[in-house]
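Residues per chain, in single letters:
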Amino acid sequence: MTVPAESPDTPPEPAVALASARGRWILLTTVLGSTMAMLDGTVVNVALPRIGEDLDADLAVLQWTVNAYLLTLAGLILVGGSLSDRFGRRRIFTLGVVWFAVGSLLCGIAPNAGVLIAARALQGIGGALLAPGSLALIQASIRADDRGRAIGLWSGFGGVGAAVGPFLGGWLVDGPGWRWVFLLNVPLAAVCVPVALRHVPESRDAQAHGRFDVAGAALGASALGLVTYALIEARSGSPAVMAAAVLGVLLGVAFVYVERRRADPMVPPDIFASRLFTAVNLVTLCVYAAIGGFFFLVVLQLQVVSGYSALAAGAAMLPTTLLMLLLSARSGELGERIGPRIPLTVGPLLCAAGTLLMLRVGPAASYVTDVLPAMVVMGMGLVALVAPLTSTVLASVDPGRAGLASGINNAAARVAGLLAVAALPLLSGMGPESYRSATQFDAAFGRAMLWCTGAFLAGAAVAWATVRSPVSKACHPQCHTYCAVSAPPLEPRERGDGTAPG
């Protein structure tokens, strides 16, 4: 799709009132765009057992179904934000929506596992283009005195989407079939793109300059891809897998080398001069590795071992989402008053307790006595953790770099989830066919939950030992609800480097 370019001499359009018809259209298109990515993130895990059964796929295929998307999203999301700033936020947003929809269509009609995985990687590229622009369009288009309310509405609708996702995904898997989990994005895009082109004004960062860090993006994505491949295929022990692991590590070292010497790096090393920023990103790596592994395996456990339907497994996640939706704004305010150290320590400890409670979920598990307590404790841990973590990231750097800080933290969270989904089955001794056997999967699931518990405890220890500085009000209070549902969130500032979830 070609979007007409604006003359560089064209003055920016005046800010739009939210109450106007155009303001409501802007809100609608940004909500639709972020909802596409959010629904995809919440419903695909529910569909994994049925995908494996339909495509006669082993566990590695299910891992790649999740990780192909996370890999391209994590590797390119900072590039997507830079493209939005340079070439126009509406242009890159609409391109991302179209790209995401095409990838979704290919997922929905995939005849085999290879095509599905490739299409998921295409979806991730679309998400990297789409996600940074969603909230940035509100920031750039809506007038300042309406912006807080617009962000609040956007985050509220996002929370509703996150809450509906597990129900919708389970219903689609049990009803029309797992392919509709992906095909659902096509009609959403068909509404979103025309509305954006007709009603959303174009905007860009007039101060954007320098060349794109193509080498950094290529090295980072390649390193992640090779390490992920090596972790997923490590059971084979083949020379090719070992070579991929070594090459992935070497490319990671090369990425750091290149970033330290470029004039305009994708990840400026000097941003890590802030000890608080570095510490909070270490916490992010620990806790989001645990979160990614937890939710990847729990929906499999509920269906494979406990005999839940896809709809019931998806609905089992609802208490966590509702708690985050209802209480995270208050958690963010509390974190601003007492500082981040206690929330960032207590939150992971509660999550660790919720993970241990999942050890009680086995064959014929009762939802009320076995599953619900674990989900409630996990939800309370995420409530305590997520909004203060977001605020701390943004408060740890100069305000002018808040968008960059948010983007890096988002990338860290995606990378953590990517590596967890790749590594946990290996660490817990899951074989390629384990998810077809309730007995084998149940035993490996217990070991995996202990690894997740260890990651949460490590995050708590890092937070207690390293986080000291108080948090300033770096994030609009009304955005905390969305921050909690899909963390880490996008910061509503000049840059577009943040992202909604994928």
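Fair warning: this is a prediction, and the values are worked out from it, not measured in the lab.

A. A look at the overall build of the chain. In terms of regular secondary structure, the chain is built from 17 helices and zero strands. For the chain, buried positions account for 60% of its 502 residues. Within the structure as shown, the chain displays about 18700 Å² of accessible surface, and the carbon and sulfur contribution to it stands at 67%.

B. Spotlight on the side chain of Ser 331. Along the chain, Ser 331 turns up in helix H12 (residues 318-338). Within the local environment of Ser 331, its side chain forms a polar contact with the backbone oxygen of Val 383, the two atoms lying 2.6 Å apart. If sequence neighbours within four positions are ignored, Ser 331 has contacts with Val 383, Ala 384 and Pro 388.

C. Region of interest: the packing of helix H10 (residues 275-304) against helix H14 (residues 367-395). Look at H10 against H14: their axes get within 11 Å of each other, and the N-to-C directions meet at 155°. Classified by the angle between their axes, H10 and H14 sit roughly antiparallel to one another. Relative to H14, H10 is oriented so that their crossing is left-handed. Contacts between H10 and H14 pair Leu 276, Phe 277, Val 280, Val 283, Thr 284, Val 287, Tyr 288, Ile 291, Phe 294, Phe 295, Val 298 and Leu 302 from the former with Val 371, Met 375, Met 378, Leu 382, Leu 385, Val 386, Leu 389, Thr 392 and Val 393 from the latter. In terms of residue class, the contact of H10 with H14 is built from 19 nonpolar, two polar and no charged.

D. Highlighting the nonpolar core. Judged by nonpolar contacts, the single largest core of 139 residues is most densely connected at Leu 297, Leu 302, Met 358, Leu 382 and Phe 441. At 19 residues, the largest contribution of residues to this core is made by H10. Beyond its immediate sequence surroundings of up to four residues, Met 358 is in contact with Phe 294, Val 298, Ala 374, Met 375, Phe 445 and Met 449.

E. Geometry of the packing of aromatic side chains. The full count for this structure, using the stated rule, is five aromatic pairs. A ring pair is formed by Phe 441 and Phe 445, whose centres lie 6.5 Å apart and whose planes are at 20°; its orientation type is stacked. Linking Phe 441 with Phe 445, this pair stays in helix H16 (residues 438-466), spanning four residues, or about one helical turn. The buried category is assigned to Phe 441, whose relative accessible area is 0%. Taking relative accessible area as the criterion, Phe 445 reaches 1% and is therefore assigned buried.

F. Representation of the side chain of Thr 345. Assignment of secondary structure puts Thr 345 in helix H13 (residues 341-357). For Thr 345, a relative accessible area of 10% corresponds to the buried category. Of the polar contacts made by the side chain of Thr 345, one reaches the backbone oxygen of Arg 341; its length is 2.8 Å. When residues no more than four places from it in sequence are discounted, the contact partners of Thr 345 are Ala 460, Ala 463 and Trp 464.

G. Inspection of unusual backbone geometry at higher detail. Of note in the backbone geometry, Asp 56 takes a positive phi value of approximately 50° without being a glycine. Counting through the fold element by element, Asp 56 comes out in the loop between helix H1 (21-55) and helix H2 (59-87). Backbone geometry at Ala 364 places phi at a positive 55°, although glycine is not the residue there. Within the secondary structure, Ala 364 is located in the loop between H13 and H14.

H. The pattern of salt bridges, seen in detail. All told, the structure shown has five salt bridges when counted by the stated rule. Here Asp 174 makes a salt bridge to Arg 50, at a shortest N to O gap of 3.1 Å. Here Asp 174 is found in helix H5 (residues 144-174), whereas its partner Arg 50 is found in helix H1, with 124 residues between them in sequence. Residue class for Asp 174 comes out partly exposed when judged on its relative accessible area of 34%. The salt bridge involving Arg 436 is made with Asp 56; its shortest N-O contact spans 3.5 Å. Taken as a pair, Arg 436 in the loop between helix H15 (402-427) and H16 and Asp 56 in the loop between H1 and H2 lie far apart in primary sequence, 380 residues in all. On the basis of relative accessibility, which here comes to 40%, the residue Arg 436 falls in the partly exposed class. One connected set of salt bridges, linked through shared partners, spans Asp 56, Glu 433 and Arg 436.

Here is what the cut-offs are and how they apply
Residues numbered from 1 in each chain as written. Predicted model: local features only at pLDDT ≥ 70, side-chain atom pairs only at ≥ 80, totals over all residues. Heavy atoms only, no water. Helix = DSSP H or I, 4+ residues; strand = E, 2+ residues; numbered from the N terminus. Buried < 20%, exposed > 50% of the residue type's maximum accessible area, 1.4 Å probe, protein only. Areas by Shrake-Rupley, 256 points an atom, 1.4 Å probe, with all protein chains shown as cover. Polar contact = N/O pair within 3.5 Å; in protein donor to acceptor, adjacent residues only side chain to side chain. Contact = heavy atoms within 4.5 Å. Axes fitted to C-alpha atoms, helices over the stretch in contact; angles between N-to-C directions. Parallel < 35°, antiparallel > 145°, perpendicular 65-115°, else oblique. Left-handed = near helix turned anticlockwise from the far one by under 90°. Nonpolar A, V, L, I, M, F, W, Y, C, P; charged D, E, K, R; others polar. Core = buried A, V, L, I, M, F, W, Y, C linked by side-chain atoms within 4.5 Å. Phe/Tyr/Trp six-rings, centres within 6.5 Å; stacked < 30°, edge-to-face > 60°. Salt bridge = Lys/Arg side-chain N within 4 Å of Asp/Glu carboxyl O.

Nothing here speaks to function; it is all geometry.
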